[in-house]
Structure formats: C-alpha cells, structure tokens
Amino acid sequence: MPDSVQQLAEIPRQFIKDGTLFINRCTKPDRREFIKISQAVGIGFLVMGVIGFGVKLIHIPVNNILVGAA
C-alpha cells in the first residue's frame, strides 16, 4: 500500500520538475526574432482576412440565387 502511495505522489513531483526545467530553458526572443514573428503573424492575419472576404463575396450572390429561387 505505501508503495502505491509513493508512486501516486511521484507523478505531480515529476510534472513540477519537468515544468521547472522547461521554464528555465526558455529564453526571451531578441528584437530581430520578435519582429520576424510579428511579421509572420501579420501576414497570416492578412491572408485569413482576404480568404474570408473572398468567401463572403462568393457566398452572398450564391445565397441570393438559392433563396431568391425558393
């Protein structure tokens, strides 16, 4: 019985140890890396907006044709 309790207590202990190692290994991005990531995110937003606008432009006339025919 005590062995199973130790095994059960080992799981959170190992999780905390792994989390601490991960946080200590993380570094803050430098200015160049931050700008590169920001540009990638901005381009992604722009592309998703263009795709959404295109879908909306196609959807409105098709919807009017389908609903208008009914």
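Above this note sits the structure.
Residues numbered from 1 in each chain as written. Predicted model: local features only at pLDDT ≥ 70, side-chain atom pairs only at ≥ 80, totals over all residues. Heavy atoms only, no water.

### Quick look at the overall build of the protein
Right, so step 1: Helices and strands together make up the secondary structure of the protein, namely two helices and zero strands.
Right, so step 2: The globule rule puts the C-alpha radius of gyration for 70 residues at 11 Å, and the 26 Å found for the protein is more than 25% above it.
Right, so step 3: Summarising its shape, the C-alpha atoms of the protein cover approximately 75 × 45 × 5 Å along the three principal directions.
Right, so step 4: Within the protein, buried positions represent 0% of all 70 residues.
Right, so step 5: A total accessible area of about 6,900 Å² is found for the protein, and carbon and sulfur atoms account for 71% of it. (Helix = DSSP H or I, 4+ residues; strand = E, 2+ residues; numbered from the N terminus. Rg over C-alpha atoms; globule rule 2.2 N^0.38 Å. Buried < 20%, exposed > 50% of the residue type's maximum accessible area, 1.4 Å probe, protein only. Areas by Shrake-Rupley, 256 points an atom, 1.4 Å probe, with all protein chains shown as cover.)

### Overview of the pattern of salt bridges
Right, so step 1: Within this structure, the stated rule accounts for one salt bridge.
Right, so step 2: Residue Arg13 pairs with Glu10 through a salt bridge whose shortest N-O separation is 3.0 Å. Placement of the pair is Arg13 and Glu10 together in helix α1 (residues 2-25), with a separation of three residues, close to one helical turn. (Salt bridge = Lys/Arg side-chain N within 4 Å of Asp/Glu carboxyl O.)

### Quick notes on a nonpolar patch on the surface
Right, so step 1: Where nonpolar side chains cluster on the molecular surface, the patch consists of Phe53, Leu57, Ile58, Val62, Leu66 and Val67 and spans about 640 Å² of accessible area.
Right, so step 2: Locating Leu66 in the fold gives a position in helix α2 (residues 31-69).
Right, so step 3: Accessibility expressed as a relative area gives 61% for Leu66, which makes it exposed. (Patch = residues over 30% accessible without salt bridge, like charges linked within 9 Å, V, L, I, M, F, W, Y side chains within 5 Å.)

### Section: the environment of Ile60
Right, so step 1: Mapped onto the fold, Ile60 is located in helix α2.
Right, so step 2: When its relative accessible area of 42% is taken as the criterion, Ile60 is described as partly exposed.

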